[in-house]
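Coordinates in review
Below are the chains, spelled out letter by letter.
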Amino acid sequence: MRRIGVAVAAALAIVTAACAPEPVGQPSGATATTTTTAVTTTTPPTAVPGPGGTTVPVFQHPYRYGTAQAKAPAGPDGLLPVVRRIETDKPYVFITIDDGAVRHPAALELMRSSNVRPSLFLNTKHVQDDPAYFKALQDRADVQVHAHTANHPNLQGKSYDFQRQEICGNADYLEQQMGARPKLFRPPFGNYDATTRRAATDCGFSALVMWTAAVNDGVVQFQAGGKLNRGDVVLMHFRHTFVEDFLAFLERCKQDGLTPVPLEDHLSVTQP
Ligand SMILES: [Zn+2]
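This report concerns the structure included in the present document. (Residues numbered from 1 in each chain as written. Predicted model: local features only at pLDDT ≥ 70, side-chain atom pairs only at ≥ 80, totals over all residues.)

1. Comments concerning the environment of A207
Test applied: We count a stretch as a helix when DSSP gives it H or I for four or more residues in a row; a strand needs E for two or more, and each element gets its number in order from the N terminus. For the purpose of contact definition, each residue receives a C-beta atom placed from its backbone, and two residues are in contact when these atoms lie within 7 Å.
Along the chain, A207 falls in strand 8 (residues 207-209). Distance from A207 to F185, taken between C-alpha atoms, is 6.4 Å for residues 22 residues apart in sequence. Not counting the four nearest positions on each side in its chain, A207 is found in contact with A72, L80, P81, V83, L184 and L267.

2. Structural notes on the pairing of strand 5 (residues 119-122)
Rule in force here: Working definition of burial: number of other C-beta atoms within 10 Å of the residue's own, with buried at 20 or more, exposed at 12 or fewer, and partly exposed in between, all C-beta atoms being placed from the backbone. If DSSP finds at least two bridges between two strands, the strands pair.
Side chains S119 and F121 project from strand 5 onto one buried face, and the interleaved L120 and L122 project onto a second face that is buried too. In terms of strand pairing, strand 5 meets strand 6 (residues 144-147) through four bridges, oriented parallel. Note that in strand 6 the partner of F121 across the bridge is H146.

3. Details of the environment of L120
Of note, L120 is situated in strand 5. Through-space distance from the C-alpha of L120 to that of A147 is 8.1 Å; in sequence the pair is 27 residues apart.

4. Details of helix 5 (residues 160-178)
Selection rule: Multiplying 1.5 Å by the helix residue count minus one yields the expected span of that helix. Our arc is simply the arc of the directions from the helix axis toward the C-beta atoms.
With 19 residues, helix 5 extends 26 Å between its outermost C-alpha atoms, agreeing within 8% with the 27 Å of an ideal straight helix rising 1.5 Å per residue. For helix 5, every residue scored as buried is listed here: Q163, E166, I167, N170, A171, Y173, L174 and M178. All buried residues of helix 5 fall inside an arc of 165° around its axis, so they share one side. When the buried face of helix 5 is taken as reference, the exposed residues oriented beyond 90 degrees from it are D161 and Q176. In the core, the buried residues of helix 5 are packed alongside strand 5, helix 3 (124-127), helix 4 (131-140), strand 6, strand 7 (184-185) and helix 6 (194-202). Of the residues trailing helix 5, G179 is marked for its positive phi of about 85°.

Written as structure tokens, this is what we have:
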């Protein structure tokens, strides 16, 4: 019986191969069962043309984005947790883009065409130059906007009142402009102290987010080792080199077998 079954399967495979060319990128084992749909199914592209003759790597969503995958860890002392990387057993990595100083015209299309949703940590002083630019990223690239202080000062050692005004004031402004209260906070330069955590907790944030890798001048820089690892939080900025930086990150992800997924889904702060 088993022998006959194998023979039938082999014959079927030959017929299938003769009738329909195997779709590029499909696992070969799937051919026999997808005979009727193979002709009409389009394999999602793994890359598309980008700005200035570049090639943009494309990532398929490994789950439905906007659904919570994990909770933020609890802070050890009743204050908000400091998150440097995401604990995950999946091949996921996270991209964050800070400040907002340079509003690169290609950013929206790059986010959309790559299928990647970065988390934006923005300063009031940059957003107020052109709130519509950042609102368009939020609404059309489905990204979320988070807080990074009003004026980008070094918070370390500053008074509670000063820090609270920088942090809460930025959150209030972003809520007013974007229509959603930011849930995550990143201190400028990554500098913070106990007062920062107290103020950020009082301002209603769920986590203080740091990073484990960065992109500068089109080069991905690692804190340790020569590659990105699952759970890494990567930092880049809105700069003139946006295209080079973003593409360097995407290509590194492909090289290291990682998929960039929304940070919010892994800190349970996804907004509906
Ligand atoms: Zn910054």
